[in-house]
Amino acid sequence: MVGAFLLILLRWYKTKTGLSEIVKKTPWHVLLFAFNMYVLVYGLKNVGLNDYIVSNLKPLIMDSPFNATIHQYLLGKVS
């Protein structure tokens with residue numbers, strides 16, 4: 001909170017624009033998306049999806065870094 005306050009103060013000092021201008025120019029859709037992604041990933045972690053994926057992929061990726069890279073790529077393509 002202190003860091004955010006200092007940045008707002010610094011912006012006001014350099015540009016002489018207030019907090020209302022910051023609120024108007026904030027890309028709220030990006031912040032909403034990031035918050036929703038955090039909630040989704042945290043919820044999936046709580047139901048055990050992370051542990052399930054790790055336990056199933058661990059035997060496949062322990063052999064080599066190349067296998068880990070390929071499986072990460074394929075997992076990314078599926079999602």
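Before any of the text, the structure's been laid out above.
Per chain, the residues get numbers from 1 upward, laid out in the order the sequence is written. Note on the predicted model: pLDDT of at least 70 is required for a residue's local features to be given, and 80 or more for side-chain atom pairs to be given and counted; whole-chain, interface and lining totals, by contrast, use all residues. Where side-chain values are given, they derive from all heavy atoms of the structure, hydrogens and water being excluded.

K.L.:
In this structure, what is going on with helix α4 (residues 49–61)? I would like to understand it.
P.N.:
Every α-helical turn comprises 3.6 residues, leaving residues that sit three or four positions apart pointing alike. Runs of E in the DSSP output that reach at least two residues are strands. Runs of H or I that reach at least four are helices, and both are numbered from the N terminus. Take the number of residues in a helix, subtract one, and multiply by 1.5 Å to get its expected span. For α4, spanning 13 residues, the distance from its first C-alpha to its last is 18 Å, which sits close to the expected 18 Å at 1.5 Å a residue. The largest bend in α4 comes to about 25°, at S55, with the proline P59 one to four residues further on. One axis fitted to the seven residues ending at a residue, another fitted to the seven starting there: the angle between these axes is the bend at that residue.

K.L.:
What is the right way to read the packing of aromatic side chains from this model?
P.N.:
Aromatic ring pairs are described here by two measures, namely the spacing of the ring centres and the angle between the planes. Note on aromatic contacts: the rings of Phe and Tyr and the six-membered ring of Trp form a pair at centre separations within 6.5 Å, being stacked when their planes are under 30 degrees apart, edge-to-face when over 60 apart, and tilted otherwise. Enumeration over the complete set of coordinates arrives at 1 aromatic pair. With a centroid separation of 5.9 Å and 15° between ring planes, the pair formed by Y38 and Y42 is classed as stacked. With Y38 and Y42 both in helix α3 (residues 28–46) and 4 residues apart, this pair spans about one turn of that helix. Taking the relative accessible area as the measure of exposure, Y38 reaches 53% and is therefore exposed. Throughout this description, the term charge over a ring refers to an Arg CZ or Lys NZ atom that lies within 6 Å of the ring centre and within 35 degrees of the ring normal. The aromatic ring of W12 is capped on one face by K16, whose charged end is 4.9 Å from the ring centroid. For the exposure calls, accessible area comes from a 1.4 Å probe over protein chains only, and a residue counts as buried if that area is under 20% of its type's maximum, exposed if over 50%, partly exposed in between.

K.L.:
Could you clarify how one ought to interpret the packing of α4 against helix α5 (residues 65–78) in this entry?
P.N.:
Orientation of α4 relative to α5, taken along the N-to-C sense of each, is 140°, at an axis distance of 9 Å. Judged by the angle between their axes, α4 and α5 are oblique. With respect to the hand of their crossing, α4 and α5 are arranged in right-handed fashion. Contacts from I53, L57, L60 and I61 of α4 reach α5 at N67, A68, H71 and L75. Think of it as three bins: nonpolar holds Ala, Val, Leu, Ile, Met, Phe, Trp, Tyr, Cys and Pro, charged holds Asp, Glu, Lys and Arg, and polar takes everything else, Gly as well. When the residues that make up the contact of α4 with α5 are grouped by side-chain class, the tally is 6 nonpolar, 2 polar and no charged. Here the axes come from fitting lines to C-alpha atoms, over the contacting stretch only for helices, and the angles between their N-to-C directions go from 0 to 180 degrees. In this scheme, roughly parallel covers angles under 35 degrees and roughly antiparallel covers those over 145, while 65 to 115 is roughly perpendicular and the rest are oblique. Crossing handedness: left-handed means the near helix sits turned counterclockwise from the far one by under a right angle, and right-handed means the same turn made clockwise. We call two residues in contact when some of their heavy atoms are within 4.5 Å.

K.L.:
I would appreciate a short explanation of the environment of H71 in the present structure.
P.N.:
Secondary-structure assignment places H71 in helix α5. In this structure the C-alpha to C-alpha distance between H71 and L57, which are 14 residues apart in sequence, comes to 8.0 Å. Once residues lying within four places of it in the same chain are set aside, the contact partners of H71 are L57, L60 and I61.

K.L.:
Whenever I open this one, unusual backbone geometry confuses me. Can you help?
P.N.:
Peptide bonds are trans in most cases, and residues, glycine excluded, mostly fall at negative phi. One non-glycine residue with positive phi stands out, namely K16, at about 60°. Examined against the element boundaries, K16 turns out to sit in the loop between α1 (2–15) and α2 (19–25).

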